[in-house]
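Residue-level structure breakdown
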Amino acid sequence: MDDITKSKYLKAGKIASQVRSEAVEMLQEGNLLFDVAEFAESEIRKLGAKPAFPVNLAIDTIAAHYTPHSDDPLTFQAGQIVKLDLGAHVDGYIADTAITVEIGTNEWKSLIDASAEALEKALDALRPGILVRDLGTIIEQVIRSKGFEPICNLSGHSLEQYNLHAGISVPNVSDTSSDDLKPGIAVAIEPFATNGVGRVAGRKSGNIYKLLRLKELADPELSQLVKDIHEEFNYLPFPERWVAKQVDKSDKKLKKLLRQGIVATYPILSEVKGGIVSQMEHTIIMTSEGAIITTK
Ligand code: MN
Ligand code: MN
């Protein structure tokens, strides 16, 4: 990794970390999920980066891929376990980070600690060339030692320019992968813990989309929208909220693009047995001297 690339990863990480700290203060009873997501995304832009994906606010049994809709009425309620997951990029070089908090109560501290400690132990073990499966083993052991289950079908992931899931997975359980983290790689590590069985599934689609291909369309307004999405997000995920600011009837227009195979949508992922889910995430870049946590 050259110095310019490294400095972009570090800048994205610093911004993501700052915005995470600011946005976490807004996770309070009565606040709109919409306001938190919009604040965090505008703050990322203000600080000189762009959102790498829509701010995810996953509550209780939801593990990932919930972002508020443009007219979303949901507010945070006491007792909820909220995962705040956000990403910033500088010229496509991404920082991806998440934190879990409990709103107003303290019933789930051990569940939150389980994913936090799993992440800490995985970060402590990092060295050039470490096998990703060794990180999976550490994460699984820490979470199980606390009496919870790691989520086996969610994992950390390598990052490349404008690519959020670049091919290498960092598992949250022991597995047989022979991939390792060589100097020059960027990865997000994200343990998930649950009191359920440790698996997620997606049923209904959410408010997160991504562009699949850039194509001229018969409808000039839709054609322009596709160009604008590409200009603003490239092929990274984007929210319906952003489209609603550009055009009327955003849902209808996105459904049209979906039917024509121009965009795809992400299903909201929930724990299959209704378990409560916690998550912690940092992004690192590996150097020959060791790992640098960009989102600390
Ligand atoms: Mn994330
Ligand atoms: Mn991630």
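Thresholds applied
- Residues numbered from 1 in each chain as written.
- Chains lettered and ligands numbered in written order.
- Predicted model: local features only at pLDDT ≥ 70, side-chain atom pairs only at ≥ 80, totals over all residues.
- Heavy atoms only, no water.
- Donors = N, O, S within 2.8 Å, 3.2 Å for Na, K, Ca; no water.
- Helix = DSSP H or I, 4+ residues; strand = E, 2+ residues; numbered from the N terminus.
- Buried < 20%, exposed > 50% of the residue type's maximum accessible area, 1.4 Å probe, protein only.
- Salt bridge = Lys/Arg side-chain N within 4 Å of Asp/Glu carboxyl O.
- Pairing = 2+ DSSP bridges.
- Axes fitted to C-alpha atoms, helices over the stretch in contact; angles between N-to-C directions.
- Domains from an automatic or database assignment.
- Buried area = accessible area lost by both parts, 1.4 Å probe.
- Expected span 1.5 Å × (residues − 1).
- Contact = heavy atoms within 4.5 Å.
- Lys, Arg positive; Asp, Glu negative; His and termini not counted.
- Polar contact = N/O pair within 3.5 Å; in protein donor to acceptor, adjacent residues only side chain to side chain.
- Patch = residues over 30% accessible without salt bridge, like charges linked within 9 Å, V, L, I, M, F, W, Y side chains within 5 Å.
- Areas by Shrake-Rupley, 256 points an atom, 1.4 Å probe, with all protein chains shown as cover.
- Charge placed at Lys NZ, Arg CZ, Asp CG, Glu CD.
- Parallel < 35°, antiparallel > 145°, perpendicular 65-115°, else oblique.
- Left-handed = near helix turned anticlockwise from the far one by under 90°.
- Nonpolar A, V, L, I, M, F, W, Y, C, P; charged D, E, K, R; others polar.

1. A few points about the coordination of the manganese ion (ligand 2)
The manganese ion (ligand 2) binds to the protein through Asp96 (OD), His157 (NE2), Glu190 (OE) and Glu281 (OE); the donor distances cover 2.1 to 2.2 Å. Written as a sequence motif, the donor residues of the manganese ion (ligand 2) are D-x60-H-x32-E-x90-E. The metal-metal distance between the manganese ion (ligand 2) and the manganese ion (ligand 1) comes to 3.2 Å, with Asp96 coordinating both. Separated by 185 residues along the polypeptide, Asp96 in strand 4 (residues 93-102) and Glu281 in the loop between strand 15 (277-279) and strand 16 (282-287) bring together distant segments of the chain. The exposure classification of Asp96 matches that of Glu281, with both residues buried.

2. Overview of the pattern of salt bridges
The final tally for this structure, using the stated rule, is 14 salt bridges. For the salt bridge of Lys121 with Glu117, the shortest nitrogen-to-oxygen distance reads 3.6 Å. Taken together, the residues span about one helical turn, with Lys121 and Glu117 both in helix 3 (residues 109-125) at a distance of four residues. One salt bridge in this structure joins Glu149 and Arg144, with 3.0 Å as the shortest N-O distance. Overall, Glu149 belongs to the partly exposed group, its relative accessible area being 24%. In this structure, a network of salt bridges that share partners links the residues Glu38, Glu41, Arg241 and Lys245.

3. Some words on the coordination of the manganese ion (ligand 1)
Note on the manganese ion (ligand 1): its protein donors are Asp85 (OD), Asp85 (OD), Asp96 (OD) and Glu281 (OE). The metal-donor distances range over 2.1 to 2.3 Å. Ordering the donors of the manganese ion (ligand 1) by residue number gives the pattern D-x10-D-x184-E.

4. A few points about the sheet that holds strand 4
Sheet strands associate in pairs through backbone hydrogen bonding, adopting either a parallel or an antiparallel arrangement. The three strands lie next to each other as 1-3-4, forming an open sheet whose pairing is antiparallel. Edge positions in the open sheet fall to strand 1 (50-59) and strand 4, since each of these has one partner strand only. Pairwise comparison of adjacent strand axes, ignoring direction, gives a mean angle of 10 degrees for this sheet. Pairing between strand 1 and strand 3 (residues 81-90): seven bridges, direction antiparallel.

5. Description of the domain arrangement of the protein
Domain parsing of the protein yields domain 1 (3-202 + 274-293) and domain 2 (207-267). The distance between the C-alpha centroids of domain 1 and domain 2 comes to 26 Å. Carbon and sulfur atoms supply 54% of the area that domain 1 and domain 2 bury against each other, a total of about 1,700 Å² over both sides. Our enumeration of links across domain 1 and domain 2 arrives at five salt bridges.

6. Observations concerning helix 1 (residues 3-24)
Given a rise of 1.5 Å per residue, 22 residues ought to cover 32 Å, and the 31 Å separating the end C-alpha atoms of helix 1 matches this to within 8%. Those residues of helix 1 lying buried are Thr5, Tyr9, Ala12, Gly13, Ile15, Ala16, Ser17, Val19, Arg20, Ala23 and Val24. Its buried side turned inward, helix 1 meets helix 2 (33-46), strand 3, strand 4, strand 7 (156-159), strand 10 (186-189) and strand 16.

7. Notes on the side chain of Glu190
Within the secondary structure, Glu190 sits in the loop between strand 10 and strand 11 (192-194). For the buried residue Glu190, which engages in no salt bridge, the nearest side chain bearing the opposite charge is Lys83, 11 Å off. The residues contacting Glu190, other than those within four sequence positions of it, are Asp85, Asp96, Ser155, Gly156, His157, Asn172, Gln279, Met280 and Glu281.

8. Examining the side chain of His89
If you trace the backbone, His89 turns up in strand 3. Among the polar contacts listed, one links the side chain of His89 to the backbone nitrogen of Gly92, at a separation of 2.9 Å.

9. A word on a positive patch on the surface
Together, Lys249, Lys252, Lys255, Lys256 and Arg259 make up a positively charged patch on the protein surface. Here Lys249 shows up in the loop between helix 6 (240-246) and helix 7 (250-259). By relative accessible area, Lys249 is classed as exposed at 58%.

10. Some thoughts on the packing of helix 3 against helix 4 (residues 132-145)
Where helix 3 contacts helix 4, the axes come no closer than 8 Å and their chain directions differ by 150 degrees. The orientation of helix 3 relative to helix 4 falls into the category roughly antiparallel. Here helix 3 and helix 4 pass one another in a crossing that is right-handed. Each of Ala114, Glu117, Ala118, Lys121, Ala122 and Ala125 in helix 3 lies in contact with helix 4, whose residues at this interface are Leu135, Ile138, Ile139, Val142 and Ile143. Among the residues making up the contact of helix 3 with helix 4, the classes are represented as nine nonpolar, no polar and two charged.

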